[in-house]
Amino acid sequence: MQPLSRNEARRLWRAIIEFDMLDKGDRVLIGLSGGKDSLYLAHLLSAVRRYAPMPFELAAVTLDVGFAEVDYSSLHRFCSAREIPFELLYLDMARHILEEGNRQGPCAVCAYFRRGALCRYAAEKGFNKLALAHHHDDAVETFLMSILYSGQIKVFEPVSLMERTGITVIRPLAYFRESNIKASNIFKEIIPLHAGCPVCKDTQRARVKELIKELRRENRSIYDNLSGAMRYGKAITLWPAEPGKGEMLERHRNFYNKYKHDRGLRKG
Ligand code: SF4
């Protein structure tokens with residue numbers, strides 16, 4: 001198995017240490033879709049487990065939601081070469097995910113159910129952490145998508161506790177750019193799987209990714225500016241919260257009462 005390069009180790013340890021991601025005795029379940037990001041995550045975590053100063057356990061689970069028939073044998077081999085126990089879970093959700101009328105779109109529904117199913121599985125099997133393969137580009141895109149499509153300023157956190165299951169979700173690729181992942185040599189060993197999702201080429205994320213790419217052609221700082229804006233500690237100047245109808249009526253009343261006397265004088 002390939003050892004980590006210095007650059008990989010630096011990015012991974014920065015996330016682990018800065019966000020306090022791993023602890024001695026952790027039982028970490030990797031959400032392994034079989035796509036390039038999750039394969040890379042499994043590779044990194046298995047490599048770092050060999051020399052980390054604290055022992056932790058790893059296992060991987062793939063959730064098949066029924067988009068298409070997929071052969072998972074390459075995932076079995078990939079995990080067994082890295083001594084990662086591997087499980088396949090079937091959950092027939094494809095129709096529900098793609099249902100017309102999902103207000104937030106199929107991807108939001110898909111991500112919500114997938115995360116829920118993985119957390120429940122992790123809790124049932126005694127894991128305390130779920131490692132997901134979201135990387136830095138995902139975070140920046142999610143931040144912009146949130147503003148554009150839901151009018152909220154938010155982004156997923158590198159570490160977050162799922163209150164219902166008690167599982168802590170960790171994202172060890174937080175400091176990896178998508179280009180770092182694509183350049184990895186592990187893809188000479190395994191071809192990433194495609195889950196057969198019919199909407200994967202036409203998503204909000206794909207449009208936002210394209211938008212950022214296009215804006216960067218004019219201004220190279222666009223990506224870094226977005227990335228900087230999603231962190232606490234940056235200057236934030238926002239309009240005050242929108243008042244409710246009742247509060248606005250009250251303000252109108254107070255405003256006119258304040259000038260009642262002057263209005264009377266002007267009429268006279
Ligand atoms: S592209 Fe398909 S698989 Fe990916 S999140 Fe959206 S619905 Fe789910």
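Small disclaimer: the values here were computed from a predicted structure and weren't measured.

S.K.: Looking at this structure, I do not really get the environment of Gly66. What am I missing?
M.R.: Structurally, Gly66 can be placed in the loop between β2 (57-64) and α3 (73-81). Measuring from C-alpha to C-alpha, the distance between Gly66 and Pro240 comes to 45 Å, with 174 residues separating the pair along the chain.

S.K.: What is the right way to look at the site of the ligand in this model?
M.R.: Taken together, the residues surrounding the ligand are Ile97, Pro106, Cys107, Cys110, Ala111, Ala195, Cys197, Val199, Cys200 and Thr203. Split into classes, the residues belonging to the shell around the ligand amount to nine nonpolar, one polar and no charged.

S.K.: How should the pairing of strand β6 (residues 167-170) be read in this particular structure?
M.R.: Looking along a regular strand, one sees side chains alternate from face to face of the sheet. By the alternation rule, side chains of β6 split into Ile167 and Val169 and Thr168 and Ile170, which are all buried. Here three bridges tie strand β4 (residues 129-131) to β6, and the two strands are oriented parallel to one another. Directly across from Leu130, in β6, lies its bridge partner Val169. Pairing between strand β5 (residues 159-162) and β6: four bridges, direction antiparallel. The residue bridging Val159 from the neighbouring strand is Ile170, located in β6.

S.K.: Teacher, can you tell me more about the packing of helix α6 (residues 136-150) against helix α9 (residues 222-229) here?
M.R.: Each pair of packed helices can be summarised by the angle the axes make with each other and by the distance between the axes. Put simply, α6 and α9 touch, their axes get as near as 9 Å, and they point 75° apart. As judged from the angle between their axes, α6 and α9 are roughly perpendicular. Contacts between α6 and α9 involve Val140, Phe143 and Leu144 on the former and, on the latter, Tyr223, Leu226 and Ser227. Of the residues contributing to the contact of α6 with α9, the split by class is five nonpolar, one polar and no charged.

S.K.: Help me out: how do you make sense of the environment of Arg114 in this one?
M.R.: Relative to the elements of secondary structure, Arg114 occurs in helix α5 (residues 106-124). A residue is classified by how many C-beta atoms lie within 10 Å of it, and Arg114, with 18 of them, is partly exposed. Put simply, Arg114 and Tyr51 are 63 residues apart on the chain and 31 Å apart in space, counted from C-alpha to C-alpha.

About the thresholds
Residues numbered from 1 in each chain as written. Predicted model: local features only at pLDDT ≥ 70, side-chain atom pairs only at ≥ 80, totals over all residues. Helix = DSSP H or I, 4+ residues; strand = E, 2+ residues; numbered from the N terminus. Near = placed C-beta within 6 Å. Nonpolar A, V, L, I, M, F, W, Y, C, P; charged D, E, K, R; others polar. Buried ≥ 20, exposed ≤ 12 C-beta atoms within 10 Å, placed from the backbone. Pairing = 2+ DSSP bridges. Axes fitted to C-alpha atoms, helices over the stretch in contact; angles between N-to-C directions. Parallel < 35°, antiparallel > 145°, perpendicular 65-115°, else oblique. Contact = placed C-beta atoms within 7 Å.

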